[in-house]
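# Chain and residue survey
Okay, here's what each chain looks like letter by letter:
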Amino acid sequence: KYFFDWYDLGGVVEAPIYVARGSQYWPRFAMSKCSCALDDRVMSLIPKEGVSLDETELKALLAYLNSSFTALQAESVGRSTGDGMLELDVRPLGGILVLDVKKLSRDYASRLAALFDRLEDEARRLGGADSAENVFGSELAKELTGRDVRPGVEGLFNTVIKEIDYAIGDILGLSKDEVETVRGLVIEYARRRLARAREPQPGSLRGSEEVAAIEAPKRAKIRKKKGEGTRPALQRKLDEFFPKQ
């Protein structure tokens, strides 16, 4: 009924929440407030059939999704790229544990919803949540990235996200020390992931002390077998291994 040709996707489904597949510093879950089309680098979250969330419940869920509790799970199940980006796919994202906002008291739901509104406002005031200092604050961002950052920024992690974490900890019956353990694990995961993005020192390894320069290994010569063409085995075309139809 809706499919016209090979280029057509067969219709449009509205999604209240979306998240980018890749994030450098913090997985950001956004509320869809306007009509827009998403490409394959953005994943949409659509409630199951029969599940209806009002605006307060939706914002309460978004507050949780932007918390350290979700970030810790994302760091655990996501894939780290060579430049330190955290990549999420449909399957690991679908396995992340969330609060059942339908079972929250209205007071708790309203509290989380208000914190999500504050998170949006603060992110806009900072100019976005895509820089290390805006997320972690200047001091922690410099430590995590090893580079100069904009000074004097307190960061979302140290302000609104911290309040969201404590509110969720209150709902789950966790102490402040237990919430701080979760927050500390997120930072440790991010530290290890972002360390891979730093440029290595050319020709040396750094540990407790600098060691001697290491020469690049010489390329091994590829010996051709009798009757073999001039191309080495790893340079053959893919269609050489599959019959042509």
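Residues numbered from 1 in each chain as written. Predicted model: local features only at pLDDT ≥ 70, side-chain atom pairs only at ≥ 80, totals over all residues. Heavy atoms only, no water.

## What to know about the overall build of the protein chain
Summing up its helical and strand segments, the protein chain has eight helices and six strands in all. What you see in the protein chain, going N to C, is helices and strands ordered as β-β-β-β-α-α-β-β-α-α-α-α-α-α. Long-range contacts, defined as pairs at least 24 residues apart, comprise 64% of the intrachain contacts of the protein chain with a sequence gap of at least 6. Counting every atom, the protein chain has about 16,900 Å² of accessible surface; 52% of that belongs to carbon and sulfur. (Helix = DSSP H or I, 4+ residues; strand = E, 2+ residues; numbered from the N terminus. Contact = heavy atoms within 4.5 Å. Areas by Shrake-Rupley, 256 points an atom, 1.4 Å probe, with all protein chains shown as cover.)

## Let's talk about the packing of aromatic side chains
Per the counting criterion, the structure on display carries three aromatic pairs. When the centroid spacing of 6.2 Å and the interplanar angle of 75° are considered together, the rings of Trp26 and Phe136 count as edge-to-face. Placement of Trp26 in the loop between strand S2 (22-23) and strand S3 (29-31) and of Phe136 in helix H5 (residues 132-136) is noted, with a sequence separation of 110 residues between them. The pair formed by Trp26 and Phe136 is uniform in burial state, with each residue classed as buried. Counting every residue linked through ring pairs, the aromatic cluster contains Trp26, Phe136 and Phe157. In this structure, Lys176 packs its charged tip against the face of Tyr166, placed 5.4 Å from the ring centre. (Phe/Tyr/Trp six-rings, centres within 6.5 Å; stacked < 30°, edge-to-face > 60°. Buried < 20%, exposed > 50% of the residue type's maximum accessible area, 1.4 Å probe, protein only. Lys NZ or Arg CZ within 6 Å of the ring centre and 35° of its normal.)

## Some words on the nonpolar core
Here is a general trend for soluble globular proteins: nonpolar side chains tend to be buried in one another's company. Grouped together as the largest cluster of nonpolar side chains are 54 residues, with contacts concentrated most on Trp26, Leu112 and Phe136. Trp26 has contacts with Asn66, Ser67, Ser68, Ala71, Val135, Phe136, Phe157, Ile161 and Val186, leaving out every residue within four places of it along the chain. (Core = buried A, V, L, I, M, F, W, Y, C linked by side-chain atoms within 4.5 Å.)

## Brief notes about the packing of helix H1 (residues 55-65) against helix H4 (residues 106-126)
Where H1 meets H4, the closest approach of the two axes is 7 Å, and the angle between their N-to-C directions is 65°. Taken together, the axis directions place H1 and H4 in an arrangement best described as roughly perpendicular. Seen along the crossing, H1 lies across H4 with a hand that is left-handed. In contact with Thr56, Glu57, Lys59, Ala60, Leu62 and Ala63 of H1, H4 contributes Arg106, Ala109, Ser110, Leu112, Ala113, Phe116 and Asp117. A per-class count over the contact of H1 with H4 returns seven nonpolar, two polar and four charged. (Axes fitted to C-alpha atoms, helices over the stretch in contact; angles between N-to-C directions. Parallel < 35°, antiparallel > 145°, perpendicular 65-115°, else oblique. Left-handed = near helix turned anticlockwise from the far one by under 90°. Nonpolar A, V, L, I, M, F, W, Y, C, P; charged D, E, K, R; others polar.)

## Some details on the environment of Ala30
As for its placement among the helices and strands, Ala30 is situated in strand S3. Sequence separation of Ala30 and Ala63 is 33 residues, and the distance between their C-alpha atoms is 9.8 Å. When near neighbours in sequence (up to four residues on either side) are disregarded, Ala30 contacts Pro16, Ile17, Tyr18 and Leu62.

## Focus on the packing of H4 against helix H7 (residues 160-172)
Viewed as axis vectors pointing N to C, H4 and H7 meet at an angle of 165°, and their least axial separation amounts to 9 Å. As summarised for this structure, H4 and H7 are arranged roughly antiparallel, according to the angle between their axes. Relative to H7, H4 is oriented so that their crossing is left-handed. Contacts from Tyr108, Arg111, Leu112, Leu115, Arg118, Leu119 and Glu122 of H4 reach H7 at Val160, Ile161, Glu163, Ile164, Ala167, Ile168, Asp170 and Ile171. Tallied by class, the residues present in the contact of H4 with H7 amount to 10 nonpolar, no polar and five charged.

## Notes on the confidence of the model for the protein chain
Here the protein chain averages 84 in pLDDT, and 79% of its residues register 70 or above. Contacts from residues 207-214, a stretch scored under 50 in pLDDT, to residues over four places away or in other chains number eight contacts. (pLDDT = per-residue confidence, 0-100.)

## Examining H1
In terms of burial, H1 is largely enclosed, as nine of its 11 residues are buried. Taken residue by residue, H1 has Glu57, Leu58, Lys59, Ala60, Leu61, Leu62, Ala63, Tyr64 and Leu65 as its buried positions. Those residues of H1 hidden inside the fold are in contact with strand S1 (17-20), S3, strand S4 (42-45), helix H2 (68-77), H4 and H7. Measuring from the side-chain oxygen of the N-cap residue of H1 to the backbone nitrogen of Thr56 gives 3.1 Å; that N-cap residue is Asp54. (Polar contact = N/O pair within 3.5 Å; in protein donor to acceptor, adjacent residues only side chain to side chain.)

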